[in-house]
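# Descriptive structure summary
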Amino acid sequence: MTKDQALIFELSREGRTGHSLPDMDVEAPAVEDLLPGKFKRKEPAELPQVSELQLVRHYTALSRRNHGVDSGFYPLGSCTMKYNPKVNEDAARLPGFAHLHPYQPEEQIQGALELMYSLQQSLEAVTGMDQVTLQPAAGAHGEWTGLMLIRAYHEANGDHGRTKVIVPDSAHGTNPASAVVAGFEAVTVRSTEEGLVDLEHLRELAGSDTAALMLTNPNTLGLFERQIVEMADIIHEAGGKLYYDGANSNAILGMTRPGDMGFDVVHLNLHKTFTTPHGGGGPGSGPVGVKQDLVPYLPAPVIRKAQHGYTFHYDIPETIGRVKPFYGNFGINVRAYTYIRTMGPEGLRQVSRQAVLNANYMLRRLEPHFDTPYTQHCKHEFVLSGKRQKKLGVRTLDIAKRLLDFGYHPPTIYFPVNVEECLMIEPTETESKETLDEFCDAMIQIAQEAESNPEIVQDAPHTTVVGRMDETTAARKPVLRWEKRETVST
Ligand SMILES: *Cc1c(COP(=O)(O)O)cnc(C)c1O
């Protein structure tokens, strides 16, 4: 083990410190007076004792092992790992925003309220919805909120038998999960060979027990559902609502709007489409927009613009209630607002053009070397199948691991589940042609290695700090705590 890889505990030497504080010139209260005995440890905590320099080197070394959008290409499908402009960060750190307290009275936070109100309006314009709430704290949270709104709508109409939410087999895993958490049964609608929703099957499923159809368009295979208007008619005629998963909206900004396609509810992931650094579990923001007939159920409070300024409005008789303490993740609102304002309408349209162009360029360059289950033009992302390589003994997981040797974050793999040995690639609009070409060159080299030298792919990665891991054990039995023992049992 090199020094670089040692745990901070292993660097520890008795008596070494990383701080130098002046002596106390007041008498310290006894610890016993501050903390009742039952809360105290029997033994002092075993903390590492290291110098400031050791500590700085330790964390700097750890940070270099991370891969982020700022360090390299990150084509993780359905995650929209695009570049997040630093001006967003500057805006979020302005003291007037960063130092706000959620209990401050409304008259002191008029700027923040105006920003939120204005952001809502922008998102309404982008999605074609009548009103947006910024409360939900993630995409999945937005899905759940949207489904609770649909539930409230049906219940208010005395329509108590709508227990089912229809979800395509290519859907993001959070869709059926949110449906179940919101108290519905998730029913799967098949895709055709073309990768689009099977309309005949949808007709069979839609009925008086349908609460909603959850869909994203372009779908998770990166394909545009051309028959969306027919689908909307089928669901609406059955008395259900249409839910739009807008987590990755960078193919449609300024091009088309869920509201115009017939959707009644939509969530957006500000942390994906509207540039907040994400990954690693948060924070996120999943605003929800609705058409007029669902407005009465929106989470309270809603922001209103009155003559004397902006106010929080709590008196909403049919609200589903609050879905988040306070008002949502405000820092992400500031970033999204800054992004939308700096891009402008034409800039957002350009985002879509570029995202779609980049994905199609890569699809066509990789097409000769990998199986492509869907050959039509894609939108912001596309899927390949590693079926051909699997016959040579190289699995999609091996290809993903080999990509690490080239310094790339691998694409999403084995998802959507309806594509065998799936690789799902989302380049995003912010990457240069040179980067796209270098990545394609690496993919093509790996495809050639699978034929000529499969071991090098099967045993990858070769250049990373840790080699191939037992991912099942890592997921099932994670050891996250350091304990002073010679061996950690697995
Ligand atoms: C990322 C994503 C989600 C979930 O968003 P979170 O913020 O991670 O909860 C839902 N749907 C799609 C299509 C996504 O890509």
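Residues numbered from 1 in each chain as written. Predicted model: local features only at pLDDT ≥ 70, side-chain atom pairs only at ≥ 80, totals over all residues. Heavy atoms only, no water.

On to the overall build of the protein, then. From N to C terminus, the protein includes 17 helices and 12 strands. Here the C-alpha atoms of the protein give a radius of gyration of 26 Å, agreeing with the 23 Å that 2.2 N^0.38 yields for 490 residues. Considering only C-alpha atoms, the protein reaches an extent of 75 × 70 × 45 Å along its principal axes. Across the 490 residues of the protein, 48% fall into the buried class. Across the protein, contacts joining residues at least 24 apart in sequence account for 70% of those joining residues at least 6 apart. With an accessible surface of roughly 24,800 Å², the protein has 53% of that area assigned to carbon and sulfur atoms. (Helix = DSSP H or I, 4+ residues; strand = E, 2+ residues; numbered from the N terminus. Rg over C-alpha atoms; globule rule 2.2 N^0.38 Å. Buried < 20%, exposed > 50% of the residue type's maximum accessible area, 1.4 Å probe, protein only. Contact = heavy atoms within 4.5 Å. Areas by Shrake-Rupley, 256 points an atom, 1.4 Å probe, with all protein chains shown as cover.)

Pairing is mixed across the open sheet formed by seven strands, whose spatial order is 1-7-6-5-4-2-3. Of all the strands in the sheet, just strand 1 (131-133) and strand 3 (185-189) have a single pairing partner and so form its edges. Each neighbouring strand pair of the sheet contributes to a mean axis angle of 25°, computed without reference to strand direction. Of the pairings in the sheet, the one linking strand 6 (residues 265-268) to strand 7 (residues 288-290) comprises three bridges and is antiparallel in character. (Pairing = 2+ DSSP bridges. Axes fitted to C-alpha atoms, helices over the stretch in contact; angles between N-to-C directions.)

Any two aromatic rings considered together are summarised by their centre-to-centre distance and by the angle between their planes. Under the counting rule described, the total for this entry stands at 11 aromatic pairs. Between the aromatic rings of Phe 274 and Tyr 339, the centroid separation amounts to 6.3 Å while the plane-to-plane angle is 80°, which identifies the pairing as edge-to-face. A residue pair is termed long-range when its members are at least 10 positions apart, and Phe 274 in the loop between helix 11 (270-273) and strand 7 and Tyr 339 in helix 12 (residues 330-366) qualify at 65 residues. Residue classification places Phe 274 among the buried positions, given a relative accessible area of 0%. Taking 4.0 Å as the distance between ring centres and 10° as the angle between the ring planes, the aromatic pair formed by Phe 312 and Tyr 327 counts as stacked. On the criterion of sequence distance, the pair formed by Phe 312 in strand 9 (residues 309-313) and Tyr 327 in the loop between strand 9 and helix 12 is long-range, its members being 15 residues apart. Each of the two residues, Phe 312 as well as Tyr 327, counts as buried. (Phe/Tyr/Trp six-rings, centres within 6.5 Å; stacked < 30°, edge-to-face > 60°.)

Turning next to the site of the ligand. Neighbouring the ligand are 13 residues; Ser 78, Gly 139, Asp 245, His 271 and Lys 272 lie closest to it. Coverage of the ligand by the protein amounts to 85% of the 380 Å² it exposes when considered alone. When residues of the shell around the ligand are traced back to their parent elements, those giving at least two are helix 6 (139-156) and helix 11. With three residues, the single largest contributor to the shell around the ligand is helix 6. (Near = heavy atom within 4 Å.)

We now examine the side chain of His 58. With respect to the element layout, His 58 can be found in helix 2 (residues 52-65). You can call His 58 buried: its relative accessible area is 12%. Once you skip the residues sitting within four places of it in the chain, His 58 turns out to touch Ala 6, Leu 7, Ile 8 and Leu 11.

We now examine the UniProt feature "modified residue: N6-(pyridoxal phosphate)lysine" (unreviewed entry) in the protein. UniProt records the feature "modified residue: N6-(pyridoxal phosphate)lysine" (unreviewed entry) for Lys 272 in the present numbering. Within the secondary structure, Lys 272 is located in helix 11. The exposure class assigned to Lys 272 is buried, which follows from its relative accessible area of 10%. (UniProt positions renumbered as here; feature names shortened; annotations may be inferred.)

A sheet is described by the order of its strands in space; here three strands give the open sequence 10-12-11, paired in antiparallel fashion. Of all the strands in the sheet, just strand 10 (382-385) and strand 11 (412-413) have a single pairing partner and so form its edges. Contacts from helix 12 reach strand 10 and strand 12 (422-425), with the element oriented near 15° to strand 10.

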